[in-house]
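Structure assessment
Below, each chain spelled out in residue letters.
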Amino acid sequence: MKVLVIGGGAREHALCRSLSLDPDVTALYCAPGNAGIAEVAELHPVDALDGAAVARLAGELGAGLVVIGPEAPLVAGVADAVRAAGIPCFGPSKEAAQLEGSKAFAKDVMAAANVPTARSYVCTTPEEIDTALDAFGAPYVVKDDGLAAGKGVVVTDDLQAARDHALACDRVVIEEFLDGPEVSLFAITDGVTVLPLQPAQDFKRALDGDEGPNTGGMGAYSPLPWADPKLVDEVMATVLQPTVDELRRRGTPFSGLLYAGLAITSRGVRVIEFNARFGDPETQVVLARLKTPLASVLLHSANGTLDVEPPLTWRDDAAVTVVIASHNYPGTPRTGDPIEGLDEVAAQDEPQAYVLHAGTRREGDAVVSAGGRVLSVTATGHDLTEARERAYAAVSRIRLDGSQHRTDIAAKAASGA
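For clarity, every value in this text was computed on a predicted model and none was experimentally measured.

With that settled, consider the overall build of the chain. Helix and strand counts for the chain come out as 14 helices and 24 strands. Here the C-alpha atoms of the chain give a radius of gyration of 20 Å, agreeing with the 22 Å that 2.2 N^0.38 yields for 417 residues. Along the first, second and third principal axes, the C-alpha atoms of the chain reach 55 × 45 × 40 Å. Counting every position in the chain, which comprises 417 residues, the buried fraction comes to 56%. Expressed as a percentage of contacts within the chain between residues at least 6 apart in sequence, the contacts between residues at least 24 apart total 69%. Carbon and sulfur atoms make up 49% of the accessible area of the chain, which amounts to about 16,300 Å² in all. Averaged over its 35 positive side-chain charges, the chain has a centre that lies 1 Å from the centre of its 57 negative ones.

Below is the structure:
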């Protein structure tokens, strides 16, 4: 089949890389893509938020499947436009994507489906905000109701900082703090059948030791040696399947990638948030371990035939991703800096380690930075220790002026701490 991937980040590069290795994929396109994706897919310009333009491009290319990577096009209804043109599309409808587009909607769905989550208040006035902050106390968890590119959440002991963030949002969800480690678990669904992927853990804070501001994610690893072996089965039974069933009951079936952000608390598993698409950077490590060819799974989801897909198969290897970010990220990033060392990684580290591009573009013969998170260096190994060593060896070859990365991705898990 011919596949068109929409997006231009490291998540989309990871998807394109996996699809390029699938023998069923005869042609691979990406719009708009980036400098790295150009090595595995044919790039086309498109406004990813314009459903008619995406559908038109898919038709011109003869795509048999469109895969929408980022959340904003999904919330904008791009998947609906593609499906209306008669083209199979991996990604939920505009209505179902509200599971990510509105935290208040997600809380309502969870309540109806008896999905365990944090107690919360939805606030629109200063008085409601003060009441909610007072009810829960510190640490304060304040979430912008709408999309914020992974940076709309503040967790702080500082009451004024929590109040300031809440007042800056049109509508805000304030909830109780959930203790315990966080886990990301993805599932592919067609609205009825749910196929869970392997769990991963990402690192949201900018600096080592989970210090600094929240980011879109500075690294990830999989598998989780410390997690209960029954975790996936438990989350399937208590979170993923009930949520999919509830959305179908409402007449807004969810077809695509359902991402559950979880806290493993002292009182059991609790949902922190849902996303309506593959997470970044967790996708990079999860797809590095997936042995099943990707295209048929995504097509079965799009066509409502996921029940015929055999169980997914996985490599025993561990995977680690380290994000290289630009100067000043997650503030306004500096862009246009040349990136050197990519050829060295390709020559010395592949296939055990490789570079997935996020915010890059080509200028003549050079690849330059074009965003906050610039590269995702991903490596596999027999265990997390070997995967970490390979990832950081590759990171050390890359030169980007003023760049930053965390040095402790997966360190605790690898050491058994």
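What follows is about the sheet that holds strand E23 (residues 373-381). Strand order in the open sheet made by the five strands is E12-E15-E18-E23-E20, with antiparallel pairing throughout. What marks the edges here is a single partner per strand, and that holds for strand E12 (201-202) and strand E20 (353-357). Across five bridges, the pairing between E20 and E23 is antiparallel. The residue of E23 that forms the bridge with Ala 353 is Ala 379. Across the sheet, helix H10 (residues 282-289) touches E12, strand E15 (219-222), strand E18 (318-325), E20 and E23, and the angle it forms with E18 is around 150°.

Before going further, it helps to examine the nonpolar core. The biggest cluster of nonpolar side chains holds 81 residues, and the ones touching the most others in it are Leu 4, Val 66, Leu 240, Phe 274, Val 320 and Ile 398. For this core, the element with the most residues is helix H9 (residues 231-249), which contributes eight residues. Filtering out sequence-adjacent residues up to four positions away, Leu 4 remains in contact with Tyr 29, Cys 30, Ala 31, Val 54, Leu 57, Ala 58, Leu 61, Ala 63, Leu 65, Val 66 and Val 67. The next biggest cluster of nonpolar side chains, apart from the first, holds 39 residues, and it includes Val 3, Phe 186, Ala 220 and Leu 306.

With that settled, consider the packing of aromatic side chains. Summed over the entire model, instances satisfying the criterion amount to five aromatic pairs. Between Tyr 121 and Phe 136, the aromatic rings sit 5.4 Å apart at their centres with planes inclined by 50°, giving tilted as the arrangement. Within this pair, whereas Tyr 121 is found in strand E6 (residues 120-123), its partner Phe 136 is found in helix H7 (residues 126-136), the two being separated by 15 residues in sequence. Counting every residue linked through ring pairs, the aromatic cluster contains Phe 90, Phe 186, Tyr 259 and Phe 278. Lying across the ring of Tyr 354, Arg 17 places its NZ or CZ 3.6 Å from the centre. Note that Arg 277 overlies the ring of Tyr 259, its terminal NZ or CZ placed 5.9 Å from the centroid.

Moving on, we get to the pattern of salt bridges. This model, assessed by the stated rule, comprises 24 salt bridges. A salt bridge links Asp 401 to Arg 334, with the nearest nitrogen and oxygen atoms 2.8 Å apart. Remark: Arg 334 occurs in the loop between E18 and strand E19 (339-340) and Asp 401 occurs in the loop between strand E24 (399-400) and helix H14 (411-415); sequence separation between them is 67 residues. With a relative accessible area of 31%, Arg 334 lands in the partly exposed category. When the shortest N-O distance is used, the salt bridge between Arg 399 and Glu 340 registers 3.5 Å.

Let us look at the pairing of strand E21 (residues 360-363). Bridge analysis of E21 against strand E22 (residues 366-369) gives four bridges, and the strand direction is antiparallel. Residue pairing for E22: Thr 360 is matched across the bridge by Ser 369. If you look at the hairpin formed by E21 and E22, you'll find two residues sitting between the two strands, and Gly 364 has a positive phi there, around 65°.

Turning our eyes to something else, we now look at empty space enclosed by the protein. A full pass over the atoms with the stated rule returns three cavities of 30 Å³ or more. Looking at the largest cavity, the residues that line it are Leu 99, Glu 100, Lys 103, Ala 106, Lys 107, Met 110, Lys 143, Glu 175, Ile 272, Glu 273 and Phe 274. Mapped onto the lining of the largest cavity, the elements with two or more residues apiece are helix H5 (98-101), helix H6 (103-113) and strand E17 (268-275). With four residues, H6 is the largest single contributor of residues to the lining of the largest cavity. Its residues assigned to classes, the lining of the largest cavity comprises five nonpolar, no polar and six charged.

As a further point, take the environment of Ala 138. Along the chain, the position of Ala 138 falls in the loop between H7 and strand E7 (140-144). Sequence-wise, Ala 138 and Pro 242 are 104 residues apart; in three dimensions their C-alpha atoms are separated by 31 Å.

Reading guide: rules and limits
Residues numbered from 1 in each chain as written. Predicted model: local features only at pLDDT ≥ 70, side-chain atom pairs only at ≥ 80, totals over all residues. Heavy atoms only, no water. Helix = DSSP H or I, 4+ residues; strand = E, 2+ residues; numbered from the N terminus. Rg over C-alpha atoms; globule rule 2.2 N^0.38 Å. Buried < 20%, exposed > 50% of the residue type's maximum accessible area, 1.4 Å probe, protein only. Contact = heavy atoms within 4.5 Å. Areas by Shrake-Rupley, 256 points an atom, 1.4 Å probe, with all protein chains shown as cover. Lys, Arg positive; Asp, Glu negative; His and termini not counted. Charge placed at Lys NZ, Arg CZ, Asp CG, Glu CD. Pairing = 2+ DSSP bridges. Axes fitted to C-alpha atoms, helices over the stretch in contact; angles between N-to-C directions. Core = buried A, V, L, I, M, F, W, Y, C linked by side-chain atoms within 4.5 Å. Phe/Tyr/Trp six-rings, centres within 6.5 Å; stacked < 30°, edge-to-face > 60°. Lys NZ or Arg CZ within 6 Å of the ring centre and 35° of its normal. Salt bridge = Lys/Arg side-chain N within 4 Å of Asp/Glu carboxyl O. 1 Å grid on protein atoms, 1.4 Å probe; cavity = no way out; pocket = protein on both sides within 12 Å on 5 of 7 lines; lining within 4 Å. Points joined across faces, edges and corners; volume = space filled by probe spheres on them. Nonpolar A, V, L, I, M, F, W, Y, C, P; charged D, E, K, R; others polar.

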